[in-house]
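# Results of the structural survey
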Amino acid sequence: MIHEVLDKIYKIELPIPFPLKTMNVYFIDDSPRTLVDAGIKTEASFETLKKGLETNGYGLNSIERILITHGHIDHYGQAKRLSSLFGAPIYVHPKEYGRIRSIIHSLGFIKSILLRNGAPEALVNEAIRYMESAQIMADPLDEAFFLNDGDSILFKSMAWKTILCPGHSPGMLCFYWPEKKILFTGDHLLKEITPNPVLTVNGSKPPFRYPSLKEYLTSLEKIEKMDISLLLPAHGEEVYDVKGLIQKIFSHHKERMDRVLFSLSQGERTPFEIAMDLFPGVSPFEVFLGISEAVGHLEILREKGKVRVREKEGKDYYGLGV
Ligand SMILES: [Zn+2]
Ligand SMILES: [Zn+2]
């Protein structure tokens, strides 16, 4: 599925083997011709991209630069493969580059964090096995150029600016085109789904801090202040009502915060137990996301002095009060 969203901006929908089913890459026909995100590394994704470009008179050799919004496999998975064909350079935020390089090595740590957050061992093992096996759908990046907050991305006839939006991922970059007031959002803002503040941990020793949701909401405030008339997200449809979407996400999180507080009013709980209250009957992969969501809210509540945490038999239990 390919269509021209705007003059010289093509949206190509690529298949992904996840519940979201597809992700969008954007091909920009201005010099250097640029691809925003690369898709996952499967034959289906590769062929769909190739066909999409060819339908419009381009080819894989038209890709002269690849910008990666963040280091999730559906976004960077086939970047290296594409780059190796005709030498297009890859650009990514340094934090995402580091995460991509170390994901396999950090699975042991992720496992210990999930256990500490109260997830049952069998479920954790299954989640880790899944994450491990998913890595065949992505090539780690070797050579890449770094983009930081506020950097300019130059084209022959326009200049974009990078906006660092940590939260869903620590080095998530959105790309802003000021003249047209367009923002390429990656997974920071999506039309139908509230992006998950995927679990990140500050430090390697307890007490652990989980900044994702707090950072996500701060990044959202940053976008709210900008002059934007169109969002081009990496999943689903484009968004015109930018302020409306942002308000919807804020109130969604407020509502979830209330549900977390309600869950705690029943007594002390691990983040896993809270995740089960929020999302009953989730799959092992979603357990990871559910815990991300729970600890994000708990961390904000803890900082406000509304909840306390104590360790019992290797697990963190949260309760109301200080
Ligand atoms: Zn993502
Ligand atoms: Zn994604």
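Further up the page is the structure itself.
Here's what I pulled together on the structure shown here. Throughout this document, residue positions are counted from 1 along each chain, in the order its sequence is written. Chain labels run from A onward and ligand labels from 1 onward, assigned in the order the entries are written. The predicted origin of the model limits local features to residues at a pLDDT of at least 70 and limits the giving and counting of side-chain atom pairs to 80 or more, whereas totals for whole chains, interfaces and linings rest on all residues. As a rule here, side-chain values cover all heavy atoms of the structure and leave hydrogens and water aside.

### Things to note about the coordination of the zinc ion (ligand 1)
Of the protein atoms, only H70 (NE2), H72 (ND1), H168 (NE2) and D187 (OD) coordinate the zinc ion (ligand 1), at distances of 2.1 to 2.3 Å. Its 4 donor atoms give the zinc ion (ligand 1) angles of 93 to 169 degrees at the centre, a pattern that matches the irregular case. In this description, a donor is an N, O or S atom within 2.8 Å of the metal centre, a cutoff extended to 3.2 Å for sodium, potassium and calcium. Water is not part of the atom list, which can make sites seem incomplete. Taken in sequence order, the residues that donate to the zinc ion (ligand 1) follow the motif H-x1-H-x95-H-x18-D. Metal-to-metal, the separation of the zinc ion (ligand 1) and the zinc ion (ligand 2) is 3.5 Å; D187 coordinates the two. Of this pair, H70 sits in the loop between β5 (65–67) and α2 (73–76) while D187 sits in the loop between β11 (182–186) and α6 (212–224), and the two are 117 residues apart along the sequence. Neither H70 nor D187 differs from the other in exposure class; each is buried. Donor angles set the geometry label: tetrahedral for four donors if every angle is between 85 and 135 degrees, square planar for four and octahedral for six if opposite donors exceed 155 degrees and the others are between 65 and 115, irregular for anything else. Under the scheme used here, helices are H or I runs from DSSP no shorter than 4 residues and strands are E runs no shorter than 2 residues, and both carry numbers assigned from the N terminus. Think of it in three bands: residues with accessible area under 20% of the maximum for their type are buried, residues over 50% are exposed, and the middle band is partly exposed, with areas taken using a 1.4 Å probe on protein chains only.

### With respect to the packing of aromatic side chains
Aromatic contacts are taken between Phe, Tyr and Trp rings whose centres are within 6.5 Å, Trp giving its six-membered ring; a plane angle under 30 degrees counts as stacked, one over 60 as edge-to-face, and the others as tilted. According to the stated counting rule, one finds 11 aromatic pairs in the structure shown. Look at F155 and W160: their rings are 4.8 Å apart centre to centre, the planes differ by 50 degrees, and that puts the pair in the tilted class. Residue F155 is classed as buried on the basis of its relative accessible area of 7%. What links up through ring pairs into an aromatic cluster is the set Y26, F155, W160, F175, W177 and F184. Positioned above the aromatic ring of Y317, the side-chain terminus of K312 is 4.5 Å from the ring centre. Look at NZ for Lys and CZ for Arg. If either is within 6 Å of the ring centre and within 35 degrees of the ring normal, a charge sits over the ring.

Purely geometric stuff here, so don't read any function into it on its own.
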